[in-house]
Amino acid sequence: MKKITTYLLTLLAAGALFSCSGKKAETAAPVDDGLIEITPEQFKSSHMRLGSMGSQTFRDRVECKGYVSAPANAMSKICPPIAGKIINIHYKIGDYVPAGRVIATISGNDFMALQQSFAESAAAYSKAKMDYERAQGLWAEKIGAQKDFLAAKTYYRSAYASYESLRSRITALGISPARIEGGKMYTSYPVMAPISGYLTQINAVIGQYIDVETDIAELVNLNALQLKVSVYEADVRRLRPGQTILFGTTGSNNRTLQARLTTIGKTVNPDTKMIDCVAAISKSNGVSLVNESFVEASIIIDARQAPALPVTAVQKQGTSSFVYVVEKRKGNSYMLRKTPVNVGQTDGSYIEIKTQLPNKDIVLEGIDTMK
């Protein structure tokens, strides 16, 4: 019985050794000359990809944050020129409004009083003009008195000034002064868009009384949006107008939008303790930009070409870096050599390789399982 038990234990131990030997054959293992053999099955299961060393543009950059903003001439806060009650609002938030289009209509006692004052001023001006022309004729013929001529002239000029002032106010409202002079009054006046742009705010509703200090709406010309970024004082010395800025929305590493640095600030922002710089957006790649949206940006200071590999081709072990070079083929298997390299700057998905490598294929992907 003891012999049978010993025999069974021997068989189990042999089976265990055979199983372990089989598992080791499935992983990359170094051979005698220091090369690592990768079978076709291992190559496929690890999703390996071969390639050669390439060249990549590496950029020296200043990282910063900022936001998209509209310059002063691309924004408009729309206020009523005369206080009154809102009769109608013709657009909603997000609508595009061409310059000169009516955004809202307003009526009220102040508007009616202005029309009345203009009509009375127009009548007084017409009478003063006739009196002045008659007195001027009499004075020219030496019939009338000089004091009557001077009095008529003074009254005429005063009436004319009042008439022109009120006429200008009526014209600025977008209504016809001639109609009012003819005795036909308006019941409301239009509030028009001074610039073309998108409505980003509407701060009133129909029936609301609104004064001249209250904004009805806000218009922004999105075609004129610019980039405003905040840069540390130490980095500002490296900036020059014309440098390219790559930017994207906050939280995204995909900086595909471009801008051109136009203005470098000359003073430190007391709130951020940084210097504000402005850039003109030159490439939005079809992305709809939103006013006041925050962005993460990189100002490109310098660019250079250097040998590079995808970051997936480089294996990090402590402070050392390695790549796997295809030394030769052994049947259908690849014989790889683990080669130490000195790496430099990383730019996106590529890393700079400072070591001279042989002109052979390199494993670009799938080295995660390599030891």
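Position numbers for residues count from 1 along each chain, tracking the sequence in the order it is written. Totals for whole chains, interfaces and linings use all residues, but because this is a predicted model, local features are given only for residues with pLDDT of at least 70 and pairs of side-chain atoms are given and counted only at 80 or more. As a rule here, side-chain values cover all heavy atoms of the structure and leave hydrogens and water aside.

## Some words on the packing of aromatic side chains
In this analysis, rings of Phe, Tyr and Trp, with Trp reduced to its six-membered ring, are considered paired at centre separations within 6.5 Å, and the interplanar angle assigns stacked below 30 degrees, edge-to-face beyond 60, and tilted for intermediate values. Evaluated as defined, the whole model comprises 11 aromatic pairs. On the basis of an interplanar angle of 50° and a centroid distance of 5.1 Å, the ring pair of F111 and Y189 is categorised as tilted. One end of the pair, F111, is in helix α3 (residues 109-140); the other, Y189, is in strand β9 (residues 189-192), with 78 residues separating them in the sequence. For the pair formed by F111 and Y189, the shared burial category is buried. The numbering of helices and of strands both runs from the N terminus, where a helix is a DSSP run of H or I of at least 4 residues and a strand a run of E of at least 2. Each residue is placed in one exposure class: buried if its accessible area under a 1.4 Å probe, protein chains only, is under 20% of its type's maximum, exposed if it is over 50%, and partly exposed if it falls in between.

## Quick look at the sheet that holds strand β11 (residues 209-210)
Two strands pair under a simple rule: DSSP has to find at least two bridges between them. Pairing is antiparallel across the open sheet formed by four strands, whose spatial order is β9-β8-β6-β11. Of all the strands in the sheet, just β9 and β11 have a single pairing partner and so form its edges.

## A few points about the side chain of S298
Here S298 lies in strand β17 (residues 294-310). Taking relative accessible area as the criterion, S298 reaches 0% and is therefore assigned buried. Pairs of N or O atoms within 3.5 Å make up the polar contacts considered here, provided that, within protein, one atom can donate a hydrogen while the other can accept it, and that residues adjacent in sequence are counted only when both atoms are side-chain atoms. A polar contact is formed between the side chain of S298 and the side chain of E63, at a distance of 2.9 Å.

## Considerations on α3
Taking 1.5 Å of rise per residue, the 32 residues of α3 would be expected to cover 46 Å, and the 46 Å separating its terminal C-alpha atoms lies within 8% of that figure. For α3, the set of buried residues is F111, L114, Q115, F118, S121, A122, Y125, A128, Y132 and A135. Residue contacts are defined here by distance: any two heavy atoms, one from each residue, within 4.5 Å place the two residues in contact. On its buried side, α3 packs onto α4 (146-172), α5 (177-181) and β9. Looking one or two places after α3, you find K142, whose phi comes out positive at around 65°. Expected span of a helix: the number of residues minus one, times 1.5 Å.

## Details of the side chain of S321
Among the secondary structure elements, S321 is positioned in strand β19 (residues 320-330). Look at S321 and you get buried, because its relative accessible area is 7%. Engagement of the side chain of S321 in a polar contact is seen with the side chain of K316, the distance being 3.2 Å. Ignoring any residue separated from it by four or fewer positions in sequence, one finds S321 in contact with V314, Q315, K316, T339, P340, V341 and V343.

## A short note on the pairing of strand β4 (residues 54-69)
The pairing of β4 with β17 spans 14 bridges and is classified as antiparallel. When the sheet's bridge partners are listed, E63 is paired in β17 with S298. Where β4 lies against strand β13 (residues 226-231), five bridges are found, and the strand directions are antiparallel. Residue pairing across strands places V68 opposite L227, the latter belonging to β13.

## Some points on the pattern of salt bridges
Salt bridges, as used here, are contacts in which a Lys or Arg side-chain nitrogen is within 4 Å of a carboxyl oxygen on Asp or Glu. By the definition in use, this model includes 11 salt bridges. With a shortest N-O distance of 3.2 Å, R134 and D131 are connected by a salt bridge. Of this pair, R134 and D131 both sit in helix α3, three residues apart, which is roughly one turn of that helix. For the salt bridge of R304 with E352, the shortest nitrogen-to-oxygen distance reads 2.9 Å. With R304 in strand β17 and E352 in strand β22 (residues 350-353), the pair connects residues that are 48 residues apart, well separated along the chain. Connected through salt bridges with shared partners, the residues R59, R61 and D347 form a single ionic network.

## Things to note about the confidence of the model for the protein chain
Per residue, pLDDT measures the predictor's confidence, with a range of 0 to 100. Scored by pLDDT, the protein chain comes out at a mean of 86, with 88% of its residues at no less than 70. Across residues 1-27 the pLDDT falls below 50, and counting only partners more than four positions away or on other chains, this stretch makes three contacts in the model.

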